[in-house]
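The residues making up each chain are set out below.
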Number of protein chains: 2
Amino acid sequence: MDGVPQPTIERLVIYYRYLKKLVAHDDDKVISSLDLGHSVGVSAAQVRKDLSYFGEFGCKGVGYNVSNLKKSLEQILGFNQNWPIVLVGAGNIGRALVNYPGFKVMGLNIIAIFDCDLDKIGNRVGGLIVKSNKEIERVIKDKGVELAIIAVPVDEAQGVAEKLVKAGIKAIWNIAPVTLKLPDNVLVYYEDLASSLVTLTYRLSQKRLKARSN
Amino acid sequence: MDGVPQPTIERLVIYYRYLKKLVAHDDDKVISSLDLGHSVGVSAAQVRKDLSYFGEFGCKGVGYNVSNLKKSLEQILGFNQNWPIVLVGAGNIGRALVNYPGFKVMGLNIIAIFDCDLDKIGNRVGGLIVKSNKEIERVIKDKGVELAIIAVPVDEAQGVAEKLVKAGIKAIWNIAPVTLKLPDNVLVYYEDLASSLVTLTYRLSQKRLKARSN
């Protein structure tokens, strides 16, 4: 299952969210790939292709049992596991993530938040108290944490990342807009908020140019 | 230029950021696709392919003039334009985005933040005062805004999106984890924070399974 493309995984989360809404209304419902795709804005063929990476689901011409498909996706995506996560950086973005409601239902559990700023250490964020960066290693080892979020300023990100990896972190979600240099066996996912927005301004620019040339 | 893939645009932003750092040190520097790629974690072939969508850059075997390439990217990505943006939702994420330092250098300028919560309206966020949702249409029309960010709870997102489109918005960056139903000519980019994290837990799960089976 290693060759599953990133966008497929992201779409599985979207399918999951929609199925969860359906199950709340009717547990025995069956849905076609056409209806599922239509509801979340992708084609039926895309739905079938995304699911095909993980074996057989549903019956041809009948569709998917909503409840069963939801359970399969939970298993594939690891939502039935508990993922303790540490977050470094108690700035605006860090605080927002601790309070983000969408994580817990997926087994994602931010158990500690760290900062090096003495003015922030000791403050309450959601249900957590901001700890000093000096405690990063101890907490990660004590709790066996493998996943970390970096939400510190650009200049601090590389140092923090190295500290996390040294303590045993295997995967990093990096929100600082900078490329990290880490051993190949560490998984890194970059979340670049500005580049998402730039995608839209780029597409708007293209539309304007096209409108002018017509 | 319409067929340029999304990941290419996102990588151009990453190249741009790196080139900007280089230009600050030495304006006349030349860089090879190999060095540029290596510095940001992609292959030389990927760099060349990404740039090839936009014509000829640099000389074969010589490399790119850093300063010129940076200027070209600014133009391609629209950073030399000013993009006024409205943001709806003054919760944690909304407030974090208003204060996010990475936007302004790319011409992205959040000029207004709205909420329907009377407790939030009138509060200061960064340099802005939270306005009532009732003022959305007036502000968008007065300032000719085309780009909006939705950072409201899931249940409110569709209503807010329709209001924005009616007022003249052409592109939406949607941070609420829900699929919007909007006319085809409206560009929508979904930022699903949970699905980014799930990508990592999925990959970690796979690594564990693989380790066990070895």
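For clarity, every value in this text was computed on a predicted model and none was experimentally measured.

Trainee: Report on the overall build of chain A, specifying residues and quantitative values.
Mentor: Scanning chain A from N- to C-terminus turns up eight helices and ten strands. Seen through its C-alpha atoms, chain A measures out along the principal axes to roughly 60 × 55 × 35 Å. When burial is assessed residue by residue, chain A has 50% of its 214 residues classed as buried. For chain A, contacts bridging at least 24 residues in sequence account for 57% of all contacts bridging at least 6. Here chain A has roughly 10,300 Å² of accessible surface; of this, 51% comes from carbon and sulfur atoms.

Trainee: Requested: an account of the relation of the copies chain B and chain A, with residues and values cited.
Mentor: Mapping chain B onto chain A calls for a screw motion: a turn of 180 degrees about the axis and a shift of 0.0 Å along it, with 0.0 Å RMSD after fitting. The operation mapping one copy onto its partner corresponds to a two-fold rotation axis. When the interface residues of chain B are mapped onto chain A, 100% of them are again interface residues, pointing to one common binding face.

Trainee: Would you mind going over the pairing of strand 9 (residues 171-174) of chain B in detail, with residue names and values included?
Mentor: What you see with strand 9 of chain B is no split at all: Ala171(B) and Trp173(B) on one side and Ile172(B) and Asn174(B) on the other are buried throughout. The parallel pair strand 8 (residues 147-150) of chain B and strand 9 of chain B, bridged by helix 7 (residues 154-167) of chain B, forms a crossover whose chirality is right-handed.

Trainee: Any chance you could break down the sheet that holds strand 9 of chain B for me, citing the residues and the numbers?
Mentor: Whenever strands of a sheet pair, they do so through backbone hydrogen bonds, lying parallel or antiparallel. Residue and element names in this part refer to chain B. Judged by pairing direction, the sheet is parallel, and its six strands sit side by side in the order 7-4-3-8-9-10 without closing on themselves. In this open sheet, the two strands that pair with only one neighbour each are strand 7 (131-132) and strand 10 (187-190). Pairing of strand 9 with strand 10 involves four bridges; the strand directions are parallel. Its bridge partner being in strand 10, Ala171 is matched across the sheet by Leu187. Its contacts with the sheet put helix 7 on strand 3 (83-88), strand 8 and strand 9, and the angle it makes with strand 8 is roughly 170 degrees.

Trainee: I'd like a description of the packing of helix 1 (residues 6-25) of chain A against helix 8 (residues 193-213) of chain B, backed by residues and values.
Mentor: Where helix 1 of chain A contacts helix 8 of chain B, the axes come no closer than 9 Å and their chain directions differ by 115 degrees. The way helix 1 of chain A lies across helix 8 of chain B gives a crossing that is right-handed. Where helix 1 of chain A abuts helix 8 of chain B, its residues Gln6(A), Ile9(A), Glu10(A), Val13(A) and Arg17(A) lie against Ala194(B), Ser195(B), Val198(B), Thr199(B), Tyr202(B) and Arg203(B).

Trainee: Could you give me a rundown of the interface of chain B and chain A, with the residues and numbers involved?
Mentor: Much of the literature gives interface size as the accessible area that the parts lose upon coming together. Across the boundary between the two partners, chain B contributes 65 residues, which contact 65 residues of chain A. Roughly 5,900 Å² of surface becomes buried between chain B and chain A when both sides are summed, with 63% attributable to carbon and sulfur atoms. For chain B, the biggest contributors to the area lost against chain A are Leu197(B), Leu200(B) and Tyr202(B); these three give 11% of the whole. On the surface where chain B and chain A come into contact, there are zero salt bridges. Our enumeration of links across chain B and chain A arrives at four residue pairs in polar contact (both at pLDDT 80 or more). No other element matches helix 8 of chain B, which puts 17 residues into the side of chain B that touches chain A.

Trainee: Break down the nonpolar core for me, citing the residues and quoting the values.
Mentor: Of all hydrophobic cores here, the largest spans 108 residues; its most connected members are Phe103(A), Trp173(A), Phe103(B) and Trp173(B). Take this core: its biggest share by element is nine residues, from helix 1 (residues 6-25) of chain B. Sequence-distant contacts of Trp173(A), defined by excluding residues within four places in its chain, comprise Leu97(A), Phe103(A), Ala148(A), Ile149(A), Ile150(A), Tyr189(A), Glu191(A), Leu193(B), Ser196(B), Leu197(B) and Leu200(B).

Trainee: Go over the domain arrangement of chain A, please, and point to the residues and values.
Mentor: Here chain A is partitioned into domain 1 (6-76) and domain 2 (83-194). For domain 1 of chain A versus domain 2 of chain A, the distance between C-alpha centres works out to 32 Å.

Trainee: Outline empty space enclosed by the protein, supporting the account with residue identities and numerical values.
Mentor: Here the structure, examined in full by the defined rule, presents one cavity of 30 Å³ or more. Approximately 100 Å³ is the volume found for the largest cavity. Taken together, Ile93(A), Ala96(A), Leu97(A), Ile175(A), Leu193(A), Ile93(B), Ala96(B), Leu97(B), Ile175(B), Glu191(B) and Leu193(B) make up the lining of the largest cavity. Of all the secondary-structure elements, those providing two or more residues to the lining of the largest cavity are helix 5 (92-98) of chain A together with helix 5 (92-98) of chain B. The residue makeup of the lining of the largest cavity, split by class, is ten nonpolar, no polar and one charged.

Trainee: Residue-level account of the sheet that holds strand 10 (residues 187-190) of chain A, with values.
Mentor: Residues and elements named next belong to chain A. Strand order across the open sheet formed by six strands is 7-4-3-8-9-10, with parallel pairing between neighbours. Either end of the sheet is taken by a strand with one partner, and the two such strands are strand 7 (131-132) and strand 10. In the sheet, strand 3 (residues 83-88) pairs with strand 8 (residues 147-150) via four bridges, with the strands oriented parallel. Bridge pairing in strand 8 places Val88 opposite Ile150.

Trainee: Give a description of the pattern of salt bridges that names residues and reports values.
Mentor: A side chain with one charge can pair with a side chain of the opposite charge if their charged atoms come near. Residue and element names in this part refer to chain A. Counted by the stated rule, this structure contains ten salt bridges over all chains. Residues Arg11 and Asp50 are paired through a salt bridge, measuring 2.6 Å at the closest nitrogen-oxygen approach. With Arg11 in helix 1 and Asp50 in helix 3 (residues 44-52), this pair connects stretches of sequence that are 39 residues apart. Accessibility expressed as a relative area gives 0% for Asp50, which makes it buried. Notably, a salt bridge pairs Glu137 with Lys141, separated by 2.8 Å at the nearest N-O pair. Placement of both Glu137 and Lys141 in helix 6 (residues 136-143) is noted, with a separation of four residues, approximately one turn of the helix. Taking relative accessible area as the criterion, Glu137 reaches 30% and is therefore assigned partly exposed. One connected set of salt bridges, linked through shared partners, spans Glu135, Arg138 and Asp142.

Reading the values: rules and limits
- All residue numbers here refer to positions counted from 1 along the written sequence of the relevant chain.
- In the order they appear in the text, chains get letters beginning with A and ligands get numbers beginning with 1.
- Under the rules for a predicted model, residues below a pLDDT of 70 receive no local features and side-chain atom pairs below 80 are neither given nor counted, while totals for whole chains, interfaces and linings still include all residues.
- Hydrogens and water are ignored here; the side-chain numbers use all heavy atoms of the structure.
- Counting from the N terminus, the helices are DSSP H or I runs at least four residues long and the strands are E runs at least two residues long.
- Relative accessibility decides the category of a residue: with a 1.4 Å probe and only protein chains considered, values under 20% of the type maximum give buried, values over 50% give exposed, and everything between is partly exposed.
- Note on definitions: a residue-residue contact is assigned when non-hydrogen atoms from the two residues lie within 4.5 Å.
- All accessible-area figures derive from a Shrake-Rupley calculation using a 1.4 Å probe, and residue coverage is judged against the displayed protein chains alone.
- We place the copies in one frame by least squares, fitting the C-alpha atoms of every residue whose pLDDT is at least 70 in both.
- The definition of a right-handed crossover adopted here requires that, viewed with the strands pointing away, the path from the first strand over the helix to the second runs clockwise.
- Strand pairing requires that DSSP identify at least two bridges connecting the strands.
- In this analysis an axis means a line fitted to C-alpha atoms, helices contributing only their contacting stretch, and an angle means the value between N-to-C directions, from 0 to 180 degrees.
- Helix crossings get a hand from a simple test, with the near helix turned counterclockwise from the far one by less than a right angle marking a left-handed crossing and a clockwise turn marking a right-handed one.
- Note on definitions: buried area is the accessible-area loss of two parts on being combined, 1.4 Å probe, summed for both.
- Note on definitions: salt bridges are taken to be side-chain nitrogens of Lys or Arg within 4 Å of carboxyl oxygens of Asp or Glu.
- Here a polar contact is recorded for every N or O atom pair within 3.5 Å, except that within protein the pair must consist of a potential hydrogen donor and a potential acceptor, and residues adjacent in sequence are included only if both atoms are side-chain atoms.
- By convention a nonpolar core is built from buried Ala, Val, Leu, Ile, Met, Phe, Trp, Tyr and Cys residues, the set being connected through side-chain atoms within 4.5 Å.
- Domain extents, as shown, originate in an automatic or database domain assignment.
- The way it works is a 1 Å grid over only the protein atoms, where trapped points that fit a 1.4 Å probe form a cavity and open points with protein on both sides within 12 Å along at least five of seven lines form a pocket, and then any residue with an atom within 4 Å of a point lines it.
- Grid points are joined across faces, edges and corners, and a volume is the space filled by probe spheres set on the points.
- Each residue receives one of three labels: charged for Asp, Glu, Lys and Arg, nonpolar for Ala, Val, Leu, Ile, Met, Phe, Trp, Tyr, Cys and Pro, and polar for the others, Gly being one of them.

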